[in-house]
Amino acid sequence: MRTKHVSQKYDDDNNGSTNSDIDDDDSTDPGPTLAELIQAPESGFQLKDRKYHLKTYHACFIGSEAVSWLSGHLGVNREAAVAAGEELRQAGVFEHVGSEKSFVDGNKFYRFTQKKHVVIIGGGFGGAKAAKHLQRDYDVTLIDLKPYFLSLPSLPACICDMPRLDRIKADHTNYLKQVRVIEGLVENVENGKVYIAAREGQEPHPPISYDYLVISTGSRYRNFLRDTEETQIINPLYPTDIESSYDKLLAARNIVVVGGGPVGVEIAGEISHYFPEKKVAIVHAPERFLERTTPKADKNIRRFFLNCENVQLLLGQKVASVEGGHAITDRGTRIPADLVYISTGFMPNTEFLAKNWSQYMDERGLLKVDQHMRVVGTENVFAIGDVAAITEEKLAQNAEKHAAAVASYLTARLNGKKPRPYETGTRVMILSLGPKNALIIKGKEVYHEGKLASTMK
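Remember, predicted model here, so these are calculated numbers, not experimental data.

Rules of the game
- Residues numbered from 1 in each chain as written.
- Predicted model: local features only at pLDDT ≥ 70, side-chain atom pairs only at ≥ 80, totals over all residues.
- Heavy atoms only, no water.
- Helix = DSSP H or I, 4+ residues; strand = E, 2+ residues; numbered from the N terminus.
- Buried < 20%, exposed > 50% of the residue type's maximum accessible area, 1.4 Å probe, protein only.
- Contact = heavy atoms within 4.5 Å.
- Areas by Shrake-Rupley, 256 points an atom, 1.4 Å probe, with all protein chains shown as cover.
- Lys, Arg positive; Asp, Glu negative; His and termini not counted.
- Charge placed at Lys NZ, Arg CZ, Asp CG, Glu CD.
- Pairing = 2+ DSSP bridges.
- Axes fitted to C-alpha atoms, helices over the stretch in contact; angles between N-to-C directions.
- 1 Å grid on protein atoms, 1.4 Å probe; cavity = no way out; pocket = protein on both sides within 12 Å on 5 of 7 lines; lining within 4 Å.
- Points joined across faces, edges and corners; volume = space filled by probe spheres on them.
- Nonpolar A, V, L, I, M, F, W, Y, C, P; charged D, E, K, R; others polar.
- Expected span 1.5 Å × (residues − 1).

I would appreciate a short explanation of the overall build of the protein in the present structure.
The helix and strand tally for the protein stands at 15 helices and 27 strands. Of all 457 residues assigned to the protein, the portion counted as buried reaches 50%. Summarising the internal contacts of the protein: among those between residues at least 6 apart in sequence, 58% fall at separations of at least 24. Counting only carbon and sulfur atoms, one obtains 48% of the accessible surface of the protein, whose full area is about 22600 Å². Distance between charge centres in the protein, computed from 57 positive and 59 negative side chains, equals 8 Å.

Shown next, in the form of C-alpha cells:
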C-alpha cells in the first residue's frame, strides 16, 4: 500500500483530490509504503511502554494518536483514517495488544507485528550482552564462530587447570531463548547484507539482511612466531591451543611468556604457582608492566615475581625469533624455550570489513564510533568491544557497557525516549597472580589481595 494510493482511496472530503506533496507520481521511485512510514522511528507512530491495569505493554501506540497521524499525513478525515488503519491491521502490519479484532479511534493499545531485525556478529561479552538486551523487542540473529559463549578473561587460569575450560563455556541457546544463533564465519558485509563463508562440503548460507548491525568480533594476538621441533608456540586465547599444549606443558622445563600485559602476567602467575620447578621468563617490550595503567601496578607485579625463584623478568626487549630451542630477543638474549605463550600484538578482527568499510576505520583497523557506539558515517551500524575506536582499556566489562549503550539507543528508538550515551570511566581491573593472589587496580590505586579476589577473576 503506497501513501498516495491510500490518500486517493479515502479522501472523500475533497471529491477525490489529493495533497500534491503525497500524490506526485514517480514511476521510477514509488516511495515508501504507508506501512514503512508509520514505523519510521523518528516520524512514524509514537511508540512507548504503556501501562493498563498494572500491566506494562512494551513499544505500543494508541489508536486515537495513530488516527491523528494518518489523518494529518494522508489529508483525510478521521473516519477515512480509521479505514486506512483497519486495512493496515488486516494486512498484518499491527495488532491490538489484547484480543480485539478491529482498529478503533480510541484509547486502545496496538503494536507492530513485525520486529526490526538486528544482526550481531560475534558472541563474546559485548555481542552476547547486546543479544540478551535486545531479544525481547527485536528479531535478533547472532552469528558466532562457535555455538557457545566463552569467558576469554578466564582462559589464563585454564592453562594449568584443564577441567576449568568446561566451566567457562555456556551454549548460546541456553541463555538466548529468543535469538536465532548461526555458527559461521562472516566474510563480508555489503549493501545491507551479511555474507557467511561457505563451509567445506556444504551449500553457502544465504545472505542475511538487517535493519541494524552490531559488530562485536573482538581481537586476537599477532602471532609472528612459528613452531620448531624443539619449541611450541601457543596463542592463549584459543582453547584448542591450550588443550593441545597441556602435555607439552607438563613435560616442559623452560617456558617463555611474550608480553607483560594483563594476559601475560596472569599466565606467568599461574605457571609459577602450579609448577615452581619450571623456569618462566617474561619478555616485555616496554620498560614496565601494564604500561597504560598506574606505575603502582608495575611496582606490585615486579615485587610479586621477584619473590618467585623460578621467574625471570626481561623488560625492554622483544622476542625476534625462535630457533634451536631458544627464544631470541632483539638484544641478542637467548632464552631456553620449550613453550612460548604469545600475549602481545593487539589486532582487531575487522579484516572481513576491509573491502567495503575502510573509510569507517582508523589506521589500526578499529571502527570509529559516536557516543551511542554507532559507526561514524552510518545510521544503523554499531561497533562494540575491542573493535571500537575508543581510548580505554579493552576490557570485558567495557564491552558489556558498550552493549548496554547500543541497547539503550535501540530501545529508545522504539519507545520515543532519549537514549543514554556511552561514557568512558575508570573501571576496576582484577589481575590474578595465580590462584592465591591478585591485584585490584582502580585508577591510580592498587590493592594486593588474596584468594577471594583471584577467585572472583
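Would you mind showing me how to read the sheet that holds strand β6 (residues 139-144) here?
Pairing between the strands of a sheet comes from backbone hydrogen bonds, and it takes one of two forms, parallel or antiparallel. Taken together, the five strands give an open sheet; going across it, the order is β9-β6-β5-β13-β24, and neighbouring strands pair in parallel fashion. Both edges of this open sheet fall to β9 (179-183) and β24 (381-383), since each of them pairs with a single strand only. Strand after strand, the sheet turns through a mean of 15° between neighbouring axes, direction not considered. The pairing of β6 with β9 spans five bridges and is classified as parallel. Bridge pairing in β9 places Val140 opposite Val179. Contacts between helix α6 (residues 125-134) and the sheet are confined to β5 (117-121), β6 and β9, with β5 contributing the most and set at about 165° to the helix.

Would you take a moment to explain the pairing of strand β13 (residues 212-215) for this structure?
For a regular strand, side-chain orientation follows a simple rule: the groups alternate between the two sheet faces. Side chains of β13 alternate between two faces, with Tyr212 and Val214 and Leu213 and Ile215 buried alike. The pairing of β5 with β13 spans four bridges and is parallel. Bridging from a neighbouring strand, Ile121 pairs with Ile215 of β13. Direction of pairing for β13 relative to β24: parallel, over a ladder of three bridges.

What is the right way to read the sheet that holds strand β2 (residues 55-62) from this model?
Here four strands make up an open sheet; going across it, the order is β1-β2-β4-β3 and the pairing antiparallel. Edge positions in the open sheet fall to β1 (48-52) and β3 (94-96), since each of these has one partner strand only. Here the average twist between neighbouring strands, direction ignored, is 55°. Summarising the sheet, β3 and strand β4 (residues 109-112) pair through three bridges and their orientation is antiparallel. Paired with His96 across the strands is Tyr110, a residue of β4.

Is there a simple way to think about the layout of surface pockets in this case?
Rolled over the atoms, a probe sized like a water molecule indicates the empty space that remains. In this structure, the second largest pocket occupies an estimated 620 Å³ of space. Around the second largest pocket, the lining comprises 34 residues; the ones closest to its centre are Leu47, Ala59, Phe112, Asp137 and Leu414. Ranked by the residues each element gives to the lining of the second largest pocket, the list is headed by β2, at five residues. The residue inventory of the lining of the second largest pocket, partitioned by class, reads 15 nonpolar, nine polar and ten charged.

Is there a simple way to think about empty space enclosed by the protein in this case?
Per the stated rule, a full pass over the model turns up one cavity of 30 Å³ or more. The computed volume of the largest cavity comes to approximately 40 Å³. Forming the boundary of the largest cavity are Gly385, Asp386, Glu392, Glu393, Lys394, Leu395, Asn398, Ala399 and His402. Of the residues contributing to the lining of the largest cavity, the split by class is two nonpolar, three polar and four charged.

Where do I start with helix α4 (residues 63-74) in this structure?
Working note: α-helix, 3.6 residues per turn, so residues spaced by three or four point in the same direction. With twelve residues, α4 should cover 16 Å at 1.5 Å per step; its first-to-last C-alpha distance of 16 Å lies within 8% of that length. Taken together, the buried positions of α4 are Gly63, Ala66, Val67, Trp69, Leu70, Ser71 and Leu74. A positive phi of about 70° marks Gly75, the residue just after α4.

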